[in-house]
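Structure assessment
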Amino acid sequence: MSRILRSIAISALALAAATPLHAQITSDDDLDNIVVSASRIIQKRYETGQSITVVEKEELDRRQNQVLSDVLQTLPGVSVARNGGPGGTTSVFIRGGDSSQTLVLVDGVRINDPSSPSGAFDFSSILTGNVGSVELLRGPNSVIWGSQAIGGVINITTIEPKEHFRANVRGEYGYRDTGQLVANVSGMSGIVSGGVGASWFRSDGISAWDERSGATETDGFENLTLNGKLQVQFSDAIMLDLRGFYTDGETEFDNPPADTLPVTDNRQFVGYVGVNVFLFDGRLNNRIAYTRTDVRRITTDPTPGSFNPARARGTIDRFEYQGTAEIADPLTLVFGVEHEQSEASTFFPSFNTEPDVSDVHMTSYYGQAIVRPLRGLTVTGGVRVDDQQVFGSKTSLGGNIAYTPNGGGTVFRATYAEGFRAPALSEQLAAFGNPNLRPETARSYDAGVEHSLIEGKLRAQATWFRRNTEDLIVFSSATFSLENIAAARAEGVELGLWIQPARNFTVQAQYSLVDTENRSRELDFFGRSNFGNRLARRAKDSASVLVDWTSPWGPALGATFLMQGDTFDDVANTIRLDGHVRVDLRASWSLSDTLEVYGRVENLFDEAYQTAFNYGVPGRAGYAGIRLKM
């Protein structure tokens, strides 16, 4: 399947490249996209050597995806595994890194769960309705972001307030009694700007245990999401910045191979209170902030004797100072200090008589220089030191270079980056933890080129990467405890193409080869060596093609082709999950400047596949909705 998929993907890229271009068309070149995940300051994308993809609100609306993970799986270097239908536990792997090595931010605040076994983030609760944009940074970036930024960083930004009053409301209904309502309002008046948003989603869902195996009991999902932003510009020098994001999701799930009845209520809150102080005519920007992440999960099960019931809570309180100094036109310094207090509480009534509580604090210092010695050349380098009360001190280095000879039309990039993941509280300090664990560490190299042709109507890019990860935390059959005994390697290429062959007609295509290898020499619990095996749930080959056309008289049509090669569901590579090709169709019609109707068919050919062993996916599904913008 992987060889066939590779041939299909490369053929699709070649076909797209061969499509004739209309000479009179103009298009916005996304090389001018503004990013913050590279250096934690606003930059144009061609000013950083790191690989970053940005998906804006307009693109999210056009795709019509309900959950953000469906958008992420079409991006370069990303694999997604979900336990069943909407609401099922969803893991995102970037360039072959583990899901616990993906740092997730919402409006700049960490949302990774400190009470989960490895600190991984579950993407099931993040819907697209309140998202204004999403940045995907591929590769380590611990100099700026610290722990967990090994595979990459996903920065989710809710809708930003604009200069004028804006409001949008949409609702949709479809497959298996699935409904969604979304509303966002934002505006600006005098020194105050702000916005609020809300979304509600519910679905009867499918059986999490694959219905092809005989499952009949459906597992529903309901989610409420709220978000808000408020900025007060007291003067040219002082601005108050408040942000909040809250989700409350209730998910029914199964324990394959059986239909079971457990339900998890997952509540997540992130808050941000910050003050920006601009000095020396804006050449020194000081940001002082307090952030809080609060995650609560309660699992119940009416089945007598079930091991599912559990309660967990994780909190992160974080104090930050960041300075940005424009020393001169060719030199920008970014520096800061952070103090983080994490706490986790877990309780399993079947095993414990009282909650298992642990906490840890860490203080971090970082500095980065962005140098522009020549026109079009940007060189970035930095260092970070993290001091944790248990494992001690960890130093991370990183640097990258970007060169454009023509104002962003062509960009050459190269990066060396280090990343680390501090042991999760459950790994380090809980009842069965090991306080002697060290952080997982990674060293990564990548190089690439991006080129724009025909006045921005064709863009092509290619990136090679290699990452070596050491001191991975796994269970040791020799000591019957968690140890730093595993290692892994990931190497591959990412190819991308964007073309506009005619007015209002675009084609996007990407192919990713992510070759992962288990480099651990420790025998597993069954005495097997897994050295040389592929890492679980990471597709070696994946590709996507998106085609969109807007007619001159109003209707718009689009399609997404998603292709993923075979994966293995276990470390020993004994459980193979077949690759698949999924096709989604979409259409919309703007009846006026403010009113739009839309609809889509997902999984058009009713493809049956699994991204997690024994867990099914929805079959062919149709949805229709209406959108109002003011």
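Describing the overall build of the protein
Secondary structure summary: the protein contains five helices and 33 strands in total. Rg of the C-alpha trace for the protein: 24 Å, near the compact-globule value of 25 Å for 630 residues, within the 12% margin. Over its C-alpha atoms, taken along the principal directions, the protein stretches across nearly 65 × 55 × 50 Å. Counting the 630 residues in the protein, one finds 57% classified as buried. Taking the intrachain contacts of the protein between residues at least 6 apart in sequence as the baseline, contacts between residues at least 24 apart amount to 62%.

Remarks on empty space enclosed by the protein
Evaluation of the coordinates by the stated rule reveals 17 cavities of 30 Å³ or more. If you trace the largest cavity, you find 20 residues lining it, with S147, Q148, E340, S342 and P423 closest to the centre. Of all the elements in the fold, those that place two or more residues in the lining of the largest cavity are β18 (331–347) and β19 (356–371). A per-element tally of the lining of the largest cavity places β19 first, with three residues. Its residues assigned to classes, the lining of the largest cavity comprises eight nonpolar, eight polar and four charged.

A short note on the pattern of salt bridges
Summed over the entire model, instances satisfying the criterion amount to 52 salt bridges. In this structure, the salt-bridge partner of E320 is R40, at a minimum N-O distance of 3.2 Å. Here E320 is found in strand β17 (residues 310–328), whereas its partner R40 is found in the loop between β1 (34–35) and β2 (43–44), with 280 residues between them in sequence. For E320, a relative accessible area of 6% translates into the label buried. A salt bridge links R287 to E320, with the nearest nitrogen and oxygen atoms 2.9 Å apart.

Observations regarding the sheet that holds strand β7 (residues 109–110)
By way of backbone hydrogen bonds, the strands of a sheet pair with one another, either parallel or antiparallel. The five strands are arranged β3-β8-β9-β6-β7 in an open sheet whose pairing can be described as mixed. Each having just a single partner strand, β3 (51–56) and β7 make up the two edges of the open sheet. One ladder, built from two bridges, connects strand β6 (residues 102–106) with β7; its direction is antiparallel. Residue pairing in the sheet places V106 in a bridge with V109 of β7.

Considerations on the confidence of the model for the protein
Of the residues in the protein, 94% reach a pLDDT of 70 or more, and the chain-wide mean stands at 92. Long-range and interchain partners of residues 7–29, a stretch whose pLDDT sits below 50, account for 44 contacts in this model, where long-range means more than four residues apart.

Focus: the environment of A486
Checked against the element boundaries, A486 lands in strand β25 (residues 481–502). Distance in space between the C-alpha atoms of A486 and E470 is 6.5 Å, their sequence separation being 16 residues. Other than its neighbours up to four places away in sequence, A486 contacts E470, D471, L472, V474 and S520.

Some thoughts on the side chain of D446
As for its position among the elements, D446 is in strand β23 (residues 440–453). The class for D446 is buried, based on a relative accessible area of 7%. A polar atom in the side chain of D446 sits 3.1 Å from the side chain of R95. Apart from the residues lying within four places of it in its own chain, the contact partners of D446 are G49, S51, R95, R138, R413, A414, T415, T463, W464 and F465.

Describing the nonpolar core
Formed by 26 residues in total, the largest nonpolar core has its most connected members in L72, V92, F123, I154 and I156. Secondary structure elements with two or more residues in this core: α3 (68–72), β4 (78–82), β5 (90–94), β6, β8 (131–138), β9 (152–158) and β15 (263–279). Once you skip the residues sitting within four places of it in the chain, V92 turns out to touch L72, V78, S79, V80, S99, T102, F123 and I154. Within the second largest apolar cluster, 15 residues are counted, among which are L103, A149, Y366 and I370.

Brief notes about the packing of aromatic side chains
Applying the stated rule across the entire model yields eight aromatic pairs. Their ring planes at 80° and their centres at 4.9 Å tell us that F121 and F123 sit as a pair that is edge-to-face. Judged by relative accessible area, F121 falls into the buried class, the value being 4%. Here the aromatic rings of Y321 and F335 are separated by 6.4 Å at their centres, their planes lie at 45°, and the arrangement is tilted. Linking Y321 in strand β17 with F335 in strand β18, this pair joins segments that are 14 residues apart in sequence. Classification of Y321 by relative accessible area gives partly exposed; the value is 26%. Here R459 stacks its cationic end above the ring of W498, 4.2 Å away from the centre of that ring. Positioned above the aromatic ring of F531, the side-chain terminus of R521 is 4.2 Å from the ring centre.

Section: unusual backbone geometry
The omega angle of the peptide bond from P256 to P257 is 10°, so this bond is cis rather than trans. Residue position: P257 is located in the loop between β14 (238–252) and β15. One non-glycine residue, R40, lies in positive phi territory at about 70°. When its relative accessible area of 12% is taken as the criterion, R40 is described as buried. You will see that D471, though not glycine, has its phi angle at about 60°, which is positive.

Focus on a nonpolar patch on the surface
Together, I191, V192, L230, F234, I238 and V275 make up an exposed nonpolar region whose accessible area comes to about 470 Å². Within the secondary structure layout, I238 lies in strand β14. Residue classification places I238 among the partly exposed residues on the basis of a relative accessible area of 36%.

Focus: the pairing of β19
Judged from the 16 bridges that link them, β18 and β19 form a sheet pairing that is antiparallel. Bridge pairing links E343 to D359 in β19. Where β19 and strand β20 (residues 377–388) come together, ten bridges link them in antiparallel fashion. Counted as the bridge partner of Q368 is G382 from β20. The antiparallel hairpin formed by β19 and β20 contains five residues in its connecting segment, where G376 sits at a positive phi of about 90°.

Analysis parameters
- Residues numbered from 1 in each chain as written.
- Predicted model: local features only at pLDDT ≥ 70, side-chain atom pairs only at ≥ 80, totals over all residues.
- Heavy atoms only, no water.
- Helix = DSSP H or I, 4+ residues; strand = E, 2+ residues; numbered from the N terminus.
- Rg over C-alpha atoms; globule rule 2.2 N^0.38 Å.
- Buried < 20%, exposed > 50% of the residue type's maximum accessible area, 1.4 Å probe, protein only.
- Contact = heavy atoms within 4.5 Å.
- 1 Å grid on protein atoms, 1.4 Å probe; cavity = no way out; pocket = protein on both sides within 12 Å on 5 of 7 lines; lining within 4 Å.
- Points joined across faces, edges and corners; volume = space filled by probe spheres on them.
- Nonpolar A, V, L, I, M, F, W, Y, C, P; charged D, E, K, R; others polar.
- Salt bridge = Lys/Arg side-chain N within 4 Å of Asp/Glu carboxyl O.
- Pairing = 2+ DSSP bridges.
- pLDDT = per-residue confidence, 0-100.
- Polar contact = N/O pair within 3.5 Å; in protein donor to acceptor, adjacent residues only side chain to side chain.
- Core = buried A, V, L, I, M, F, W, Y, C linked by side-chain atoms within 4.5 Å.
- Phe/Tyr/Trp six-rings, centres within 6.5 Å; stacked < 30°, edge-to-face > 60°.
- Lys NZ or Arg CZ within 6 Å of the ring centre and 35° of its normal.
- Patch = residues over 30% accessible without salt bridge, like charges linked within 9 Å, V, L, I, M, F, W, Y side chains within 5 Å.
- Areas by Shrake-Rupley, 256 points an atom, 1.4 Å probe, with all protein chains shown as cover.

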